[in-house]
Amino acid sequence: MGVMALLSSCIDAATSPRRKKLKQFQTVELRVRMDCEGCERKVRKALTSMKGVSTVEVERQQYKVTVTGWVDANKVMKRVRGTGKRAEVWPYKPYHLVYYPYTSQVYDKKAPSGYVRNVDHTFPSYPPADNNAHETYTSLFSDDNTSTCTIM
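This text gives an overview of the structure that appears in the document. (Residues numbered from 1 in each chain as written. Predicted model: local features only at pLDDT ≥ 70, side-chain atom pairs only at ≥ 80, totals over all residues. Heavy atoms only, no water.)

1. Here we look at the overall build of the protein chain
Rules: By definition, any uninterrupted DSSP run of H or I lasting at least four residues is a helix, any uninterrupted run of E lasting at least two residues is a strand, and each is numbered from the N terminus. Burial status follows relative accessibility: with a 1.4 Å probe on protein chains alone, a residue under 20% of its type maximum counts as buried, one over 50% as exposed, and anything between as partly exposed. Whether two residues touch is decided by their heavy atoms; if any such pair falls within 4.5 Å, the residues are in contact. Using a 1.4 Å probe, the Shrake-Rupley method yields the accessible areas, and only the shown protein chains count as cover for residues.
For the protein chain, the helix and strand inventory stands at four helices and six strands. From first element to last, N terminus to C terminus, the protein chain shows the α and β order α-β-α-β-β-α-β-β-β-α. Taken across its 152 residues, the protein chain has 24% of its residues classed as buried. Considering only intrachain contacts with a sequence separation of at least 6, the fraction spanning at least 24 residues in the protein chain is 54%. Accessible surface for the protein chain amounts to roughly 12,200 Å². Of this, 54% is attributable to carbon and sulfur atoms.

Encoded structure:
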């Protein structure tokens, strides 16, 4: 019985049509340098003609292009570069989502207002994360000697 099941599964796999990998609905944000309405129109036309694109939003003053739909980010970038424009992934994130917006490598004078450079800094954790966190908190104060406190 095991051999028959193996043979039937092999035959089914060989005769069934291959399924394409389904693309996920996603938002792709790009930074594209556009100086005039002609550049904007050229980029918008190239992106709206792509298969799977739902919406294309172009903000020329911020050099930002937002594409939503069932698309692949690499294909969107290739299509924009095919128009002769330089494209990169949107390098900024909103100001209020960053812990330290004025540290070096984060603050960027060229960023649009309300945005800072997208650098992944981890927020420092105090006390240091370890397995004995409970012991760390309990050792700060001592019941034996109440006049000593490790915080002060």
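So much for the structure itself; the text now carries on.
2. Some thoughts on the packing of helix H2 (residues 37-48) against helix H3 (residues 73-82)
What counts here: Interaxial angles span 0 to 180 degrees and are taken between N-to-C directions of axes, which are lines fitted to C-alpha atoms, for helices over the stretch in contact. Every angle not falling under 35 degrees, over 145, or within 65 to 115 is termed oblique; those three ranges are roughly parallel, roughly antiparallel and roughly perpendicular. Put simply, a crossing is left-handed when the front helix is turned counterclockwise from the back one by less than a right angle, and right-handed when it is turned clockwise. Here the nonpolar group is Ala, Val, Leu, Ile, Met, Phe, Trp, Tyr, Cys and Pro; Asp, Glu, Lys and Arg are the charged ones; every other residue, Gly included, is treated as polar.
Relative to each other, H2 and H3 sit at 140°, their axes nearing to 9 Å. Judged by the angle between their axes, H2 and H3 are oblique. Note that H2 runs across H3; the crossing there is right-handed. In contact with Val43, Ala46 and Leu47 of H2, H3 contributes Val76, Arg79 and Val80. Looking at the contact of H2 with H3 residue by residue, the class counts come to five nonpolar, no polar and one charged.

3. Quick word on the sheet that holds strand S1 (residues 26-32)
Note the following rule: Strands are treated as partners if at least two bridges between them are detected by DSSP.
The antiparallel open sheet is built from four strands, whose spatial order is S2-S3-S1-S4. Single-partner strands in this sheet number two, and they are strand S2 (53-59) and strand S4 (87-89). Each adjacent strand pair in this sheet contributes to an overall mean axis angle of 25°, direction not counted. Both S1 and strand S3 (residues 64-69) contribute to a ladder of six bridges, which runs antiparallel. The residue bridging Val28 from the neighbouring strand is Val67, located in S3. Across the sheet, H3 touches S1, S3 and S4, and the angle it forms with S1 is around 30°.

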